[in-house]
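As a plain string of letters, each chain reads:
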Amino acid sequence: MGKGFFQVPTAINEPVKSYAPGSPERAAVIAQYEAYFNGNVDVPMYIGSETVTTGNTNNMTPPHDHQHVVGTYHLAEKKHVTQAIEAALEARKKWAQLTWEQRAAIFLKAAELIAGPYRAKINAATMIAQSKTVHQAEIDAACELIDFLRFNVEFMSQIYEEQPDSAEGIWNRVEYRPLEGFVYAITPFNFTAIAGNLPASAAMMGNTVVWKPSDSQIFSAKVIVDVFKEAGVPDGVINVVYGDPVMITDTILASPDFAGVHFTGSTYVFKELWKKIGNNIHTYKTYPKIVGETGGKDFIIAHPSANAKQVATGISRGAFEFQGQKCSAASRVYLPKSIANEVLEYVKEDIASFKMGSPADLSNFITAVIHEGSFDKLAKYIDQAKADADAEVIAGGNYDKSKGYFVEPTVILTTNPKYTTMETELFGPVVTVYVYEDADWSETLQLVDGTSEYALTGAVFSGDRYAIDEATKALENCAGNFYINDKPTGAVVGQQPFGGARASGTNDKAGSAQNLLRWVSPRLIKETFVTPTDYRYPFLG
Ligand code: NAD
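Just so you know, the residues in each chain are numbered from 1, in the order the chain's sequence is written. Whole-chain, interface and lining totals are the exception, using all residues; otherwise, since this is a predicted model, local features are given only for residues with pLDDT of at least 70 and side-chain atom pairs are given and counted only at 80 or more. To get the side-chain values, take all heavy atoms of the structure and skip hydrogens and water.

Asks: Just checking my understanding: could you explain the pattern of salt bridges for this structure?
Replies: Proximity of charged atoms lets side chains of opposite charge pair with each other. Throughout this description, the term salt bridge denotes a Lys or Arg side-chain nitrogen within 4 Å of a carboxyl oxygen of Asp or Glu. Tallied over the entire structure, the rule returns 25 salt bridges. Note that Arg-119 is salt-bridged to Glu-14, the shortest N-O span being 2.7 Å. Placement of the pair is Arg-119 in helix H4 (residues 119-130) and Glu-14 in the segment before helix H1 (24-37), with a sequence separation of 105 residues. In this structure Arg-119 comes out as buried when scored by relative accessible area, which is 5%. A salt bridge links Lys-93 to Glu-90, with the shortest nitrogen-to-oxygen separation between them at 2.8 Å. Of this pair, Lys-93 and Glu-90 are both found in helix H2 (residues 78-95), three residues apart, which corresponds to roughly one turn of the helix. Each helix corresponds to a stretch of at least 4 residues labelled H or I by DSSP, and each strand to a stretch of at least 2 residues labelled E; elements are numbered beginning at the N terminus. Each residue gets one of three labels from its accessible area relative to the maximum for its type: buried under 20%, exposed over 50%, partly exposed in between, using a 1.4 Å probe on protein chains only.

Asks: Explain the domain arrangement of the protein chain here, please?
Replies: In many reports, interface size means the accessible area that the parts give up when they come together. The start and end points of each domain follow an automatic or database-based domain assignment. Here the protein chain is partitioned into domain 1 (24-294 + 505-525) and domain 2 (298-484). Relative placement of domain 1 and domain 2: their C-alpha centres are 31 Å apart. Taken together, the contact pairs 24 residues of domain 1 with 29 residues of domain 2. Two parts lose some accessible area (1.4 Å probe) when they are put together, and adding that loss for both gives the buried area. Where domain 1 abuts domain 2, roughly 2200 Å² becomes buried across the two surfaces, and 62% of that area is made up of carbon and sulfur atoms. When the buried surface of domain 1 facing domain 2 is broken down by residue, His-64, His-66 and Phe-189 rank first, second and third, together holding 24% of it. Our enumeration of links across domain 1 and domain 2 arrives at two salt bridges. Between Asp-65 and Lys-403 there is a salt bridge, with its nearest N and O atoms 3.5 Å apart. Here a polar contact is recorded for every N or O atom pair within 3.5 Å, except that within protein the pair must consist of a potential hydrogen donor and a potential acceptor, and residues adjacent in sequence are included only if both atoms are side-chain atoms. At the junction of domain 1 with domain 2, the criterion picks out 11 residue pairs in polar contact (both at pLDDT 80 or more). Among the secondary structure elements, those contributing two or more residues to the side of domain 1 that touches domain 2 are H1, H4, helix H5 (134-161) and helix H9 (267-279). When checking whether two residues touch, look at their non-hydrogen atoms; a contact exists if any pair is within 4.5 Å.

Asks: What is the right way to look at the sheet that holds strand E1 (residues 41-43) in this model?
Replies: As a general point, the strands of a sheet are linked pairwise by backbone hydrogen bonds and lie either parallel or antiparallel. One requirement defines pairing of two strands: DSSP has to find at least two bridges between them. Pairing is mixed in the open sheet, where three strands are placed in the order E1-E5-E4. Two strands lie at the open edges of the sheet, namely E1 and strand E4 (57-60), each paired on one side alone. For this sheet the average axis-to-axis angle between neighbouring strands, irrespective of direction, equals 25 degrees. As paired strands, E4 and strand E5 (residues 71-74) are joined by four bridges and run antiparallel to one another. Within E5, the position partnered with Asn-58 by the bridge is Tyr-73. Fitted lines through C-alpha atoms give the axes, limited to the stretch in contact for helices. The angle between two N-to-C directions lies from 0 to 180 degrees.

Asks: I tried to follow helix H15 (residues 465-474) on my own but got confused; where do I start?
Replies: Residues that lie three or four places apart on an α-helix share one face, since the helix turns once every 3.6 residues. Among all positions of H15, only Ala-467, Ile-468 and Ala-471 are buried. The buried residues of H15 occupy an angular sector of 100 degrees when the element is viewed end-on, so they sit on one face. Among the exposed residues of H15, those pointing more than 90 degrees away from its buried face are Arg-465, Tyr-466 and Lys-473. Each element contacted by the buried residues of H15 is listed here: helix H14 (441-451), strand E20 (457-461) and strand E21 (481-484). When we speak of the arc, we mean the arc of directions from the helix axis to the C-beta atoms.

Asks: Which parts of the structure should I look at to understand the pairing of E5?
Replies: As a general feature of sheets, a regular strand has side chains that alternate between the two faces. Burial along E5 is two-sided: the residues Gly-71 and Tyr-73 and Thr-72 and His-74 are all buried. As judged from the three bridges shared by E1 and E5, these two strands associate in the parallel manner. Following the sheet pairing, Asp-42 is matched in E5 by Thr-72.

Spelled out as structure tokens, the structure:
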């Protein structure tokens, strides 16, 4: 604490810009997209005060135009990872002692830089790296990251305010110390906001970080680094390395100073990480904090009382925006027989109206999936559904990777509620629908609960309050974020803290005080003003 009880600015959600024809933001983002697309950036690693190049590089290519190179990035050797750990530990000496309002000011400044001079850059980079439409880039890279930074500053000040009572003659105080050691942030490809938030939230609480972004997101991660540098994040506080995830992870997890991992990505990778941390547990100076948000098999269930058009819109937006590559994307749908045909006709009409192509053409609603591995996996499941007797492709079903990794939004109809695509996370624009008898509503709720290992998001559509109440209770444990008469995607920081349970993660709710609490280790200080001088209590006579 400095010399005052400072109040942080009240956090408000960043308004989403429209990018409508003629708007200044549209012109700015198109110009920036062109500049990046026709440029050739060489992205170094950032270790302490150094920008490190190794000469061992990978190309960065947009998923919608995979032969077009927009730059290169440098791959770490083991020694660079060790240097990053050392840089983090060195920087910790000053960073952990810096007063909180100075840390807050840095991240509030980062939010304003993204809202202003870096908005077009971070959005254009996200359109190129992850093939997001301009709207998807705006709600992620600009607005959600700004919200994470602003709201986390507010949550941090609320945490610091939380203090114990003090009985007469003593004063109890709690200091929210950063973890003793360094934090490892591992981020996924699909959200630029998550990539920025995972290292920043730990750093905001006074920790220093080694950050490994996804190979598929490095082009937009570079803009995050530029923002953090301009905002004044000191050298060594967030160190950035790229390359072989196993080598990097094994090197980091072997360090006695490893104090926590902030992970978002797939379930298998997280479980393997947990296992490795367990195997190394005798190495560490402290019990590492393990925070992971992972996969999902998110559902929509409609009750016979639901409005068919609303359900269809929930599916069209919830399953297909950003090509279904949101962890929250609807991928299994349960429709009652009485409205199923109507809903599916509306969905087919929507799909027929979607335009697919490069995000540079702002009239496209669907662009490419992230990489060839994802494309091939999706193609395999679609082909399987075409061949299987208990499944039928009723919309989409085509794919083409000649120029970009394009997969048509696809609807699979199955007669088997445990069909493989009702259970497996595909992470693409493929949704599977199961039609149930209206009379089987209650049994179908049990089916929803018991079908997947995940518990991330889910939605119920109904006009009947008793049915909504029944679904809310029956589905209590199968979604960390549960939606009533709304699509299961689009959580907003400060309004719908996000995270799931079961195999979907540790549910530490990104964008909430609960998450920030994982990055501190409180120290209680009790001070007694008149200290006893005789051990004898009165009862001793
Ligand atoms: P991914 O698991 O392939 O990669 C995530 C990160 O882990 C990347 O940085 C990757 O390089 C790294 N990694 C890969 N193998 C590793 C290993 N063996 N050891 C250590 N690190 C390793 O995930 P992705 O494809 O980037 O992202 C999609 C996944 O993330 C989906 O499963 C999605 O549901 C999930 N996700 C979840 C949330 C959530 O909040 N629950 C949010 C976004 C994404």
